[in-house]
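As a plain string of letters, each chain reads:
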Amino acid sequence: MIETIETEAGTARVTWHPADEPRLVLAVSHGAGGGIEARDLQALAAVLPAHGVSVALVEQPWRVAGRKVAPAPKTLDTGWRGLWPTLTRSGLPVVSGGRSAGARVACRTATELGARAVLALSFPLHPPGRPEKSRAGELLGAGVPTLVVQGGNDPFGRPGEFPGEGDFELVEVPFGDHSFAVPKRAPVTQEAALTTVTDAVVRWAVSLG
């Protein structure tokens, strides 16, 4: 089912992948360079409903409008807030999530919106080549249980660059880049890399109750 929702940032869109007997909703949005066709988002939408998690793939207004460049973080947060009543209307706990820029939105707004937890896919810890521009504060400030799934070769932040302490769990996708793509020469397949993502999220979601 596809819904359009009017927000103060414009018209957003949600594509639902419902579980038969849901106990959680996972709402995940895309990054600044792509949409919900991202391989990890599609994999989660295919796998999680069988484990009692309804998946809502969220398209921010700028993507729905066909624009190529994401707006400022404040505008992304506004769009996410406007979607929240639709995501929570079932009364089920909602995990706020996203990939890259979407993960930052989820972290920034989690406490305010009452998210059960945060799923951060490919969290952009810093711009490529600029580790001094750390965004660790956003991640550490989420205020709810947080799962980070990060590619081992992500130029926006490799797993070893993340803070050693904090209320988050980190799962590495070996050889994965920012999109969890793995080189053809890597000793793991692309399918195996995506299974690492989905297995980690399923295990974590079950632990949330």
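Refer to the structure printed above.
Predicted, not measured: the structure shown is a model, and the values here were computed from it. Along each chain, numbering runs from 1 in the same order as the chain's sequence is written. Selection of residues for local features in this predicted model requires a pLDDT of at least 70, selection of side-chain atom pairs for listing and counting requires 80 or more, and totals for whole chains, interfaces and linings are taken over all residues. Working from all heavy atoms in the structure, the side-chain values ignore hydrogens and water.

Asker: Looking at this structure, I do not really get the overall build of the protein. What am I missing?
Answerer: Helical segments are the DSSP runs of H or I of at least four residues, strand segments are the runs of E of at least two, and each set is numbered from the N terminus. The number of helices and strands found in the protein is six helices and eight strands. If you list the helices and strands of the protein from N to C, you get β-β-β-α-β-α-α-β-α-β-α-β-β-α. We take the radius of gyration over the C-alpha atoms and set the globule estimate at 2.2 Å times the residue count to the 0.38 power. Relative to the compact-globule value of 17 Å for 209 residues, the protein shows a C-alpha radius of gyration of 16 Å, a close match. Classification of the 209 residues of the protein by burial places 52% in the buried group. Charged residues are defined here as Lys and Arg on the positive side and Asp and Glu on the negative side; His and the ends of the chain fall outside this count. Note on charges: their place is set at NZ of Lys, CZ of Arg, CG of Asp or CD of Glu. Of the side-chain charges in the protein, 20 are positive and 21 negative, and the distance between the mean point of each set is 6 Å. Summary of the burial criterion: residues with accessible area below 20% of their type's maximum are buried, those above 50% are exposed, and those between are partly exposed, where the area comes from a 1.4 Å probe applied to protein chains only.

Asker: Where do I start with empty space enclosed by the protein in this structure?
Answerer: Think of a 1 Å grid over the protein atoms and nothing else: a 1.4 Å probe that fits but is trapped marks a cavity, an open set flanked by protein within 12 Å on at least five of seven lines marks a pocket, and residues with an atom within 4 Å of a point count as lining. Grid points are joined across faces, edges and corners, and a volume is the space filled by probe spheres set on the points. One pass over the full model with this rule turns up two cavities of 30 Å³ or more. Of the volumes computed, that of the largest cavity is approximately 40 Å³. Ser 29, His 30, Gly 31, Ala 32, Gln 60, Trp 62, Leu 76, Ala 101, Gly 102 and Val 105 are the residues that line the largest cavity. The element best represented in the lining of the largest cavity is helix H4 (residues 101-113), accounting for three residues. Under the scheme applied, nonpolar residues are Ala, Val, Leu, Ile, Met, Phe, Trp, Tyr, Cys and Pro; charged residues are Asp, Glu, Lys and Arg; polar residues are all the others, including Gly. Class assignment of the residues belonging to the lining of the largest cavity gives a composition of five nonpolar, five polar and no charged. What the second largest cavity holds in volume is close to 30 Å³. Leu 24, Leu 26, Leu 48, Val 53, Val 95, Val 201, Trp 204, Ala 205 and Leu 208 are the residues that line the second largest cavity. When contributions to the lining of the second largest cavity are tallied by element, the ones reaching two or more residues are strand E3 (24-29) and helix H6 (190-207).

Asker: Teacher, can you tell me more about helix H1 (residues 39-47) here?
Answerer: Residues spaced three or four apart along an α-helix face the same direction, because each turn holds 3.6 residues. Three or more residues of H1 are buried, namely Asp 40, Leu 41, Ala 43, Leu 44 and Ala 45. Buried residues in H1 make contact with strand E2 (10-17), E3, strand E4 (53-59), strand E5 (94-99), strand E6 (117-121) and H6. Residues count as neighbours in contact if any of their non-hydrogen atoms are within 4.5 Å of one another.

Asker: What is the right way to look at the packing of helix H3 (residues 73-88) against H4 in this model?
Answerer: Each pair of packed helices gets described by two things: the angle between the helix axes and the distance between those axes. Orientation of H3 relative to H4, taken along the N-to-C sense of each, is 45°, at an axis distance of 10 Å. When the axis of H3 is compared with that of H4, the two are oblique. Between H3 and H4 lies a crossing whose hand is right-handed. In contact with Pro 73, Leu 76, Asp 77, Trp 80, Arg 81 and Trp 84 of H3, H4 contributes Val 105, Arg 108, Thr 109, Glu 112 and Leu 113. Residue classes in the contact of H3 with H4 are distributed as six nonpolar, one polar and four charged. Every axis corresponds to a line fitted to the C-alpha atoms, with the helix fit spanning only the stretch in contact, and the corresponding angles, defined between N-to-C directions, vary from 0 to 180 degrees. Working rule for angles: under 35 degrees goes down as roughly parallel, over 145 as roughly antiparallel, 65 to 115 as roughly perpendicular, anything else as oblique. The sense of a crossing depends on the near helix, which, turned anticlockwise from the far helix by less than a right angle, makes the crossing left-handed and, turned clockwise, makes it right-handed.

Asker: I would appreciate a short explanation of the layout of surface pockets in the present structure.
Answerer: Remark: the empty space left among the atoms is shown by a probe the size of a water molecule rolled over them. Quantified by volume, the largest pocket comes out at close to 200 Å³. In terms of lining, the largest pocket is formed by 13 residues, of which the most central are Gly 31, Gly 33, Gly 34, Arg 99 and Ser 179. Split by residue class, the lining of the largest pocket holds two nonpolar, seven polar and four charged.

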